[in-house]
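Each chain, letter by letter, is given below.
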2 protein chains.
Amino acid sequence: MLAVGLMSGTSLDGVDAALVEITGVNETTRLELLKFNSYPFTEDVKARIKTALSVETSNVEMICSLNFELGQLFGEAVVKICQEAGISSEELGFVASHGQTIYHLPRPEKTNLRPSTLQIGESAIISEIAKTSVVSDFRYRDMAVGGQGAPIVPYSEYILYRSTESTRILQNIGGIGNATVIPKNGQLDQLTAFDTGPGNMIIDELCRRFYGQEYDRDGAHGANGQVDQEVLQSLLKHPYFTKAFPKTTGREDFGTEYVTKILDDYQLAPDDWIATATALTAETIAQAVRQFADGQTELIVGGGGSYNPTLVKMIKVALPNIKVMIQEDLGYSSDAKEAIAMTILGNQTIQRQPSNVPSATGASKPVILGKVTYY
Amino acid sequence: MLAVGLMSGTSLDGVDAALVEITGVNETTRLELLKFNSYPFTEDVKARIKTALSVETSNVEMICSLNFELGQLFGEAVVKICQEAGISSEELGFVASHGQTIYHLPRPEKTNLRPSTLQIGESAIISEIAKTSVVSDFRYRDMAVGGQGAPIVPYSEYILYRSTESTRILQNIGGIGNATVIPKNGQLDQLTAFDTGPGNMIIDELCRRFYGQEYDRDGAHGANGQVDQEVLQSLLKHPYFTKAFPKTTGREDFGTEYVTKILDDYQLAPDDWIATATALTAETIAQAVRQFADGQTELIVGGGGSYNPTLVKMIKVALPNIKVMIQEDLGYSSDAKEAIAMTILGNQTIQRQPSNVPSATGASKPVILGKVTYY
């Protein structure tokens with residue numbers, strides 16, 4: 001069956017679309033990526049999303065309208081990826097859309113708020129534009145059974161990467177680094193998933209402040225600088241790194257405020273800072289991996305950080321006994337990984353099978369994720 | 001199959017739950033009401049909904065949280081109506097939930113807004129509490145094909161009330177009056193639906209101002225007053241009443257501002273005002289009905305206004321050649337009508353059949369409404 005997965009991440013870049021051929025269900029699922037592309041949001045759309053996800057600037061009217069507007073953009077992305085592959089979207093078995101997260105509140109601190117999440121990008125609109133059925137809203141059902149609604153991709157990682165020959169650790173390096181550990185011959189309930197700590201977040205923020213650049217392209221600044229071991233050892237004392245599993249972190253721990261603080265605390269040349277921040281990401285990943293590694297462990301690095309050769313090299317040096325690969329070494333695409341994951345979740349849903357991973361989200365049981373809009 | 005329909009209206013009173021036995025699909029649908037009850041919202045919940053539906057006071061965090069909170073209340077309503085009927089909610093084939101509308105923008109005036117609607121009351125939570133599948137979000141798909149997402153009940157009215165012997169006009173009298181005309185032997189695409197004008201809105205507002213009462217209980221004030229024919233004829237000149245079909249109206253035409261204006265324009269005793277407002281509702285309903293009536297027309301009155309005997313009597317007097325009944329005369333319940341309607345729409349959805357009425361909503365075609373959350 002042909003299917004399109006849509007992923008629209010917290011970076012607000014746009015929407016990723018993966019056209020796949022998918023067959024089977026549960027452990028028999030087989031998947032082939034036929035076409036992948038990203039469709040950037042206009043600056044206007046980005047600005048409206050930013051307005052809608054802020055408590056200070058959002059209101060019910062703009063959320064109501066933006067849900068429909070994003071549905072149209074998502075539907076158009078489905079039509080485009082199909083056109084680029086030379087097929088009609090009507091041939092699809094389904095579209096699986098993650099939606100744009102505008103709020104995620106898994107463990108609210110205010111007592112008057114519920115654990116909850118909110119994704120928008122109306123599936124009814126996607127369905128009409130793509131002329132096919134749509135599965136959407138994957139995170140809600142996991143939260144209804146006490147899960148955090150995140151991470152959402154471990155089920156697809158288990159399907160695509162499980163191995164009878166080695167323990168495989170999927171290390172995604174986005175703003176935050178997160179790992180999914182699939183033990184050799186492991187069953188779904190033996191998966192462990194957690195955030196390793198900062199991914200590109202500190203590196204990116206330093207590039208912005210020192211050079212007005214969005215990220216360290218090709219790891220050039222990191223390669224040009226020297227890691228300051230004293231500063232690195234000091235940064236590694238952050239309490240997050242010794243917290244017990246399962247654990248998650250975010251911008252509140254390693255965002256702009258954190259960067260302001262460390263820049264006040266230590267004086268380094270710009271590229272030395274970037275090299276040291278790169279080493280911090282590499283070393284915290286390595287520390288986490290060492291706890292789960294056995295004799296036959298493979299570390300598969302994905303996400304934007306997998307395109308930073310300085311970072312990948314540091315990880316390899318820190319883990320001499322582990323086979324470190326990037327997604328592309330396995331024939332996959334880092335860029336397409338999450339959009340592909342949506343098609344695996346959507347396939348489970350239309351066949352009424354669960355696809356959350358309670359050991360990763362904290363949910364009390366496996367549940368069928370998502371809602372189906374029938375065309 | 002057993003099913004529960006949930007309706008939570010714009011009055012913010014609470015949630016109505018109808019337990020039904022439903023069989024068949026499309027024209028073969030048969031339905032029996034087994035149990036009905038209303039579960040009022042607490043004042044706290046009402047206050048949170050009011051905050052969430054206002055552009056001035058709403059924000060993304062409260063909407064995110066309230067969606068989950070209302071899902072819990074809706075799920076608990078399902079469990080309660082089943083307990084009252086002596087069954088377990090696990091025996092249900094499905095729950096069909098309308099959701100709480102917090103915004104409805106079918107024809108936005110601001111050019112930066114999309115035609116859109118927003119109902120909340122998370123189906124994933126309802127599903128977990130009721131331990132059954134849930135159909136929700138009925139209005140979105142109709143809007144995706146150019147409809148106004150309203151009225152939503154005409155399909156169920158067609159199924160329950162169509163007749164080979166007479167034209168039947170379903171007149172609902174809520175705040176606004178709305179009519180669905182089902183021609184004798186008519187097909188679904190021959191339905192007409194429109195708002196007749198004010199229902200109880202003006203009467204209620206006058207009762208509030210004169211007596212601090214929410215509505216004219218048993219039509220007592222209206223019965224005690226005298227209709228002022230001169231004022232009535234003047235009120236009947238409001239441009240809405242001569243507007244072409246299809247047409248909709250609301251609080252913006254006949255709400256508090258309108259009442260303030262007419263109270264300034266004319267001087268009448270309180271009960272004469274209420275009698276005259278009651279006559280306005282009756283006469284505008286009668287005028288609309290006369291346009292569609294043939295020799296064998298039945299007018300079936302429902303909604304809160306059907307419990308105002310003064311109003312029903314005035315309608316009967318204004319339509320001497322038409323058989324005027326209330327829902328209860330047919331063995332139905334005015335209170336339960338919309339919750340029952342949801343089960344008919346939900347049944348269509350799970351059998352992948354359409355249930356919007358394009359001639360009523362303005363949609364370009366029939367579509368399958370709603371989203372299915374599988375338990």
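Model, not experiment: these values are computed from the prediction.

1. Here's the deal with the environment of V15(B)
Residues and elements named next belong to chain B.
Stage number 1. Tracing the chain through its elements places V15 in strand β2 (residues 14–23).
Stage number 2. The class for V15 is buried, based on a relative accessible area of 3%.
Stage number 3. Taking C-alpha positions, V15 is 16 Å from D137, a pair spaced 122 residues apart along the chain.
Stage number 4. In contact with V15, other than residues within four places in its own chain, are L6, M7, S8, N37, S38, Y39, F41, F74 and A77.

2. With respect to the pairing of strand β7 (residues 167–173) of chain B
All names here are of chain B.
Stage number 1. With respect to burial, β7 is a largely interior element, six of its seven residues being buried.
Stage number 2. The pairing of β7 with strand β10 (residues 297–302) spans six bridges and is parallel. Across the sheet, the residue bridging to T167 is T297, located in β10.
Stage number 3. Where β7 meets strand β8 (residues 176–182), six bridges bridge the pair, whose relative direction is antiparallel. The residue bridging L170 from the neighbouring strand is T180, located in β8.

3. Focus: the UniProt feature "binding site: ATP" (unreviewed entry) in chain A
Residues and elements named next belong to chain A.
Stage number 1. Annotation from UniProt places "binding site: ATP" (unreviewed entry) at G9, T10, S11, L12, D13, G14, V15 and D16.
Stage number 2. Along the chain, the position of T10 falls in the loop between β1 (2–8) and β2 (14–23).
Stage number 3. On the accessibility criterion, T10 (70% relative accessible area) is exposed.
Stage number 4. Note that D13 resides in the loop between β1 and β2.

4. Some details on the side chain of S89(A)
Stage number 1. Structurally, S89(A) is set in the loop between α2 (60–84) and β4 (94–105).
Stage number 2. Discounting residues that sit within four places of it in the chain, S89(A) has contacts with V78(A), V79(A), C82(A), I129(A), A130(A) and T132(A).

5. Digging into the interface of chain B and chain A
Stage number 1. Contacts between chain B and chain A engage 47 residues on the former and 48 residues on the latter.
Stage number 2. In total, about 4300 Å² of surface goes out of reach between chain B and chain A, with carbon and sulfur atoms giving 61% of it.
Stage number 3. When the buried area of chain B at its contact with chain A is split by residue, V60(B), E61(B) and Y374(B) rank highest and sum to 19% of it.
Stage number 4. For the pair chain B and chain A, the number of links is 10 salt bridges.
Stage number 5. Between chain B and chain A we count 21 residue pairs in polar contact (both at pLDDT 80 or more) in total.
Stage number 6. Listed by contribution, the elements that provide at least two residues to the side of chain B that touches chain A are α2 (60–84), β4 (94–105), β5 (116–120), α3 (123–130), α4 (139–144) and β12 (371–373) of chain B.

6. Overview of the packing of helix α1 (residues 43–52) of chain B against α2(B)
All names here are of chain B.
Stage number 1. Running from N to C, α1 and α2 point in directions that differ by 140 degrees, and their axes come no closer than 11 Å. Between α1 and α2, the interaxial angle falls into the category oblique. The two elements α1 and α2 cross, and the hand of that crossing is left-handed. Here V45, R48, I49, T51 and A52 of α1 come into contact with α2, specifically with M62, I63, L66, E69, L70 and L73.

7. Remarks on the domain arrangement of chain A
Residues and elements named next belong to chain A.
Stage number 1. Splitting chain A by domain gives domain 1 (2–150 + 336–373) and domain 2 (154–330).
Stage number 2. On a C-alpha basis, the centres of domain 1 and domain 2 stand 26 Å from each other.
Stage number 3. Listed as interface residues are 17 residues of domain 1 and, on the opposing side, 16 residues of domain 2.
Stage number 4. Taking both sides of the interface into account, the surface hidden between domain 1 and domain 2 amounts to around 1300 Å²; carbon and sulfur atoms contribute 62%.
Stage number 5. By the criterion of area lost to domain 2, the three top residues of domain 1 are E27, K337 and V357, representing 40% of everything that side buries.
Stage number 6. At the junction of domain 1 with domain 2, the criterion picks out one salt bridge.
Stage number 7. We note a salt bridge from K337 to E157, for which the minimum N-O separation is 2.6 Å.
Stage number 8. Here the residues of the side of domain 1 that touches domain 2 are counted per class, giving eight nonpolar, seven polar and two charged.

8. Details of the pattern of salt bridges
Stage number 1. In this structure the tally under the stated criterion is 30 salt bridges over all chains.
Stage number 2. Across the pair K131(A) and E128(A) runs a salt bridge whose closest N-O atoms are separated by 3.6 Å.
Stage number 3. By relative accessible area, E128(A) is classed as buried at 13%.
Stage number 4. Between K371(A) and E122(B) there is a salt bridge, with the nearest N and O atoms lying 2.9 Å from each other. Here E122(B) lies in the loop between β5 and α3 and K371(A) lies in strand β12 (residues 371–373), a pairing that spans two chains.
Stage number 5. Take E122(B): its relative accessible area is 4%, and that puts it in the buried class.

Parameters and conventions
- Residues numbered from 1 in each chain as written.
- Chains lettered and ligands numbered in written order.
- Predicted model: local features only at pLDDT ≥ 70, side-chain atom pairs only at ≥ 80, totals over all residues.
- Heavy atoms only, no water.
- Helix = DSSP H or I, 4+ residues; strand = E, 2+ residues; numbered from the N terminus.
- Buried < 20%, exposed > 50% of the residue type's maximum accessible area, 1.4 Å probe, protein only.
- Contact = heavy atoms within 4.5 Å.
- Pairing = 2+ DSSP bridges.
- UniProt positions renumbered as here; feature names shortened; annotations may be inferred.
- Buried area = accessible area lost by both parts, 1.4 Å probe.
- Salt bridge = Lys/Arg side-chain N within 4 Å of Asp/Glu carboxyl O.
- Polar contact = N/O pair within 3.5 Å; in protein donor to acceptor, adjacent residues only side chain to side chain.
- Axes fitted to C-alpha atoms, helices over the stretch in contact; angles between N-to-C directions.
- Parallel < 35°, antiparallel > 145°, perpendicular 65-115°, else oblique.
- Left-handed = near helix turned anticlockwise from the far one by under 90°.
- Domains from an automatic or database assignment.
- Nonpolar A, V, L, I, M, F, W, Y, C, P; charged D, E, K, R; others polar.

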